[in-house]
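# Tertiary structure, described
One-letter residues, chain by chain:
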2 protein chains.
Amino acid sequence: MASSAPATPPAPPPARRRGPRTRAELLDAAERVVLRDGPAASMNAIAAEAGITKPILYRHFGDKAGLYVALADRHIETLLERLRAALTRPGTRRERTEAAIDAWLRLVEGSPALYRFLVHRGQAEEPQVRDRVAVFQRRLGDALAAGIAAELALPEPQWPRAQAWAHGIVGMVQAASDWWLDARPFDRAALTRHLADLIDGAYGRA
Amino acid sequence: MASSAPATPPAPPPARRRGPRTRAELLDAAERVVLRDGPAASMNAIAAEAGITKPILYRHFGDKAGLYVALADRHIETLLERLRAALTRPGTRRERTEAAIDAWLRLVEGSPALYRFLVHRGQAEEPQVRDRVAVFQRRLGDALAAGIAAELALPEPQWPRAQAWAHGIVGMVQAASDWWLDARPFDRAALTRHLADLIDGAYGRA
DNA sequence: GACAGAAGTTACCGCCGGTAACACACTAGC
DNA sequence: GCTAGTGTGTTACCGGCGGTAACTTCTGTC
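Described in the following lines is the structure provided in the data block. Per chain, residues are indexed from 1 in the order of the written sequence. The order in which chains are written sets their letters, starting at A; the order in which ligands are written sets their numbers, starting at 1. Predicted model: local features are reported for residues with pLDDT of at least 70 only, side-chain atom pairs are reported and counted for 80 or more only, and whole-chain, interface and lining totals are derived from all residues. Side-chain numbers come from the whole structure's heavy atoms, not from hydrogens or water.

### Quick look at the overall build of chain A
- Comment: elements are numbered from the N terminus, with helices defined as DSSP H or I runs of at least four residues and strands as E runs of at least two. On a plain count of helices and strands, chain A comes out with 11 helices and zero strands.
- Along chain A, from the amino end to the carboxyl end, the secondary structure elements read α-α-α-α-α-α-α-α-α-α-α.
- Relative accessibility thresholds used throughout: buried, under 20% of the residue-type maximum; exposed, over 50%; partly exposed, between the two (1.4 Å probe, protein chains only). Buried residues in chain A amount to 49% of all 206 residues.
- Contacts in chain A between residues at least 24 apart in sequence constitute 60% of all its contacts with a sequence separation of at least 6.
- Note on areas: Shrake-Rupley with a 1.4 Å probe; residue coverage comes only from the protein chains shown. Counting every atom, chain A has about 10,000 Å² of accessible surface; 56% of that belongs to carbon and sulfur. Note on definitions: a residue-residue contact is assigned when non-hydrogen atoms from the two residues lie within 4.5 Å.

### Observations regarding the interface of chain A and chain B
- The interface is formed by 44 residues belonging to chain A together with 44 residues belonging to chain B.
- For the pair chain A and chain B, the two sides together bury roughly 3,800 Å², of which 60% comes from carbon and sulfur.
- By definition, the buried area sums, over both parts, the 1.4 Å-probe accessible area that each loses when the two are put together. The largest contributions to the chain A side of the interface with chain B come from W165, W179 and Y203 of chain A, which together make up 21% of the buried area.
- Definition used for salt bridges: Asp or Glu carboxyl oxygen within 4 Å of a side-chain nitrogen of Lys or Arg. Taken together, chain A and chain B are joined by four salt bridges.
- Between R161 of chain A and D197 of chain B there is a salt bridge whose closest N-O contact spans 3.0 Å.

### A look at the relation of the copies chain A and chain B
- The copies were overlaid by least squares, fitting only the C-alpha atoms of residues that reach a pLDDT of 70 or more in each copy. It takes a turn of 180° to lay chain A on chain B, together with a shift of 0.0 Å along the axis; the resulting RMSD is 0.1 Å. In short, the pair behaves as if placed about a two-fold rotation axis. Proximity to the rotation axis, assessed at the C-alpha, singles out G201 of chain A in chain A; its C-alpha lies 1.6 Å from the axis.
- Taken as a fraction of all interface residues of chain A, those also at the interface in chain B reach 100%, which identifies the copy contact as same-surface.

### Some thoughts on unusual backbone geometry
- The residue R184 of chain A is not glycine, and still its phi comes out positive at about 50°.
- Here R184 of chain A shows up in the loop between α9 (159-183) and α10 (188-200).

### With respect to the packing of helix α5 (residues 93-110) of chain A against α10 of chain A
Residues and elements named next belong to chain A.
- Fitting a line to C-alpha atoms yields each axis, with helices limited to the stretch in contact; the angle taken between N-to-C directions then spans 0 to 180 degrees. For the pair α5 and α10, interaxial distance at closest approach is 9 Å and the crossing angle is 135°. Between α5 and α10, the interaxial angle falls into the category oblique. As α5 runs across α10, the sense of the crossing is right-handed. Residues R94, T97, E98, I101, D102, L105, R106 and E109 of α5 pack against R188, L191, T192, R193, L195, A196, D197, I199 and D200 of α10.
- Its residues placed into classes, the contact of α5 with α10 shows six nonpolar, two polar and nine charged. An angle below 35 degrees is read as roughly parallel, one above 145 as roughly antiparallel, one from 65 to 115 as roughly perpendicular, and any other as oblique. We call a crossing left-handed when the near helix sits turned anticlockwise from the far one by less than a right angle, and right-handed when that turn is clockwise. For this classification, the nonpolar set comprises Ala, Val, Leu, Ile, Met, Phe, Trp, Tyr, Cys and Pro, the charged set comprises Asp, Glu, Lys and Arg, and every other residue, Gly included, is treated as polar.

### Focus: the nonpolar core
- In this text, buried Ala, Val, Leu, Ile, Met, Phe, Trp, Tyr and Cys residues form a nonpolar core when linked through side-chain atoms within 4.5 Å. Core analysis: the largest hydrophobic core is formed by 133 residues, its most contacted members being L67 and W104 of chain A together with W104 of chain B.
- Setting aside chain neighbours within four positions, we find L67 of chain A in contact with L27, A30, M43, I46, L57 and F61 of chain A.

### Looking at the side chain of R96 of chain A
All names here are of chain A.
- Looking at where R96 falls in the secondary structure, it is placed in helix α5.
- Contacts described as polar in this section are N or O atom pairs within 3.5 Å, which, within protein, must combine one atom able to donate a hydrogen with one able to accept it, while residues neighboring in sequence count only if both atoms come from side chains. Among the polar contacts listed, one links the side chain of R96 to the side chain of E151, at a separation of 2.7 Å.
- Apart from residues lying up to four places away in sequence, R96 is in contact with A86, L87, T88, R89, P90, G91 and E151.

Any functional reading would require information that these geometric values do not contain.
Listed below in structure tokens is the structure:
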């Protein structure tokens, strides 16, 4: 980036870049703002952070929902992949359960703001944003339902039951995460154990 | 509400009422609009439905968050009372579990729009609205934690575990409700059974 | 009848998401 | 060298939102 590049203009005036921003750069900026200001971040603020103005954002993402979906998609696939890996790894069922919960809780603990954005404020005011981003939780539930059906070798007629359990478990981990993030009465490993216990039937046996 | 009240003025001119609206009347109107237009209902629309203008709403409720909290409070107490009754009724633990889940699902099935407002769009865009109305789920969890601690006769050191379970179970029922509302693969009683099975440890035994 | 005070109004503020219309840089072709 | 075209960027605007200030109108009381 010094002053020696011959073919390209040496260094654009610092205040104003001319070349096109890549989609990734825009998303980086948007993510910074969302993580700083929360999901109520305005398009103006995001544009300013990216060093551009609003209409460019709209040219790239269509509307705010589009930007949020793009933002969420960058992380959802990663998390889903980790969950699938946890659900199919060798070992005992209990180990798979704990591994899946732990994958989730690592995200929650590592980036609470990102977590909140993904699972909560994705559900924003507008129905469009809500419906398109609520897919997140739905996809988690579907993936888990497949995992449960495989784990228990359920026949097809029992799949709806597995789905109910799966979506319930996703909500369970999510709600427990929310509560735990605020209260923090114990560490992550303990929460993993408690939730795995509950799924394992510790309440029923108690 | 008939026409026989003698002490109060018999019937105000229909087009324009002069006397002060009661808080309950305002909340009735707000509820109608919220259930019709969803939680993104504007203060203008609510005021129009009530036959007044915006500043009056603000005089009564302070801000939008205040109105939403007042709206939610009218139903939260009812639901909490039903849940407490279910959790303390005589019979087997399984019966209490099913009764509590059923109390929730009856609300979900009976007034899906109201349910969505309470548990989802209470979490609106503004942090103030979110924080004050998210208390809803928190209160449910706390009530359930007390119920679990009593049910299992847990000593105080084990309360955090009961809390984790309780908040998890609340999220579980809520997420399963959401999924069920859209998919409806079986009836309410079946969902009640599936969820009670899960809490009872059916997955662990399977 | 005068008056305090509540009830209700109009008119405004700043900000939001979203868009139209215009300005500037670069490249291509002649 | 000049023009045309394309894409990048801008400024300036729209309607509607939550929220408020200031004014008017009605009602009850002495």
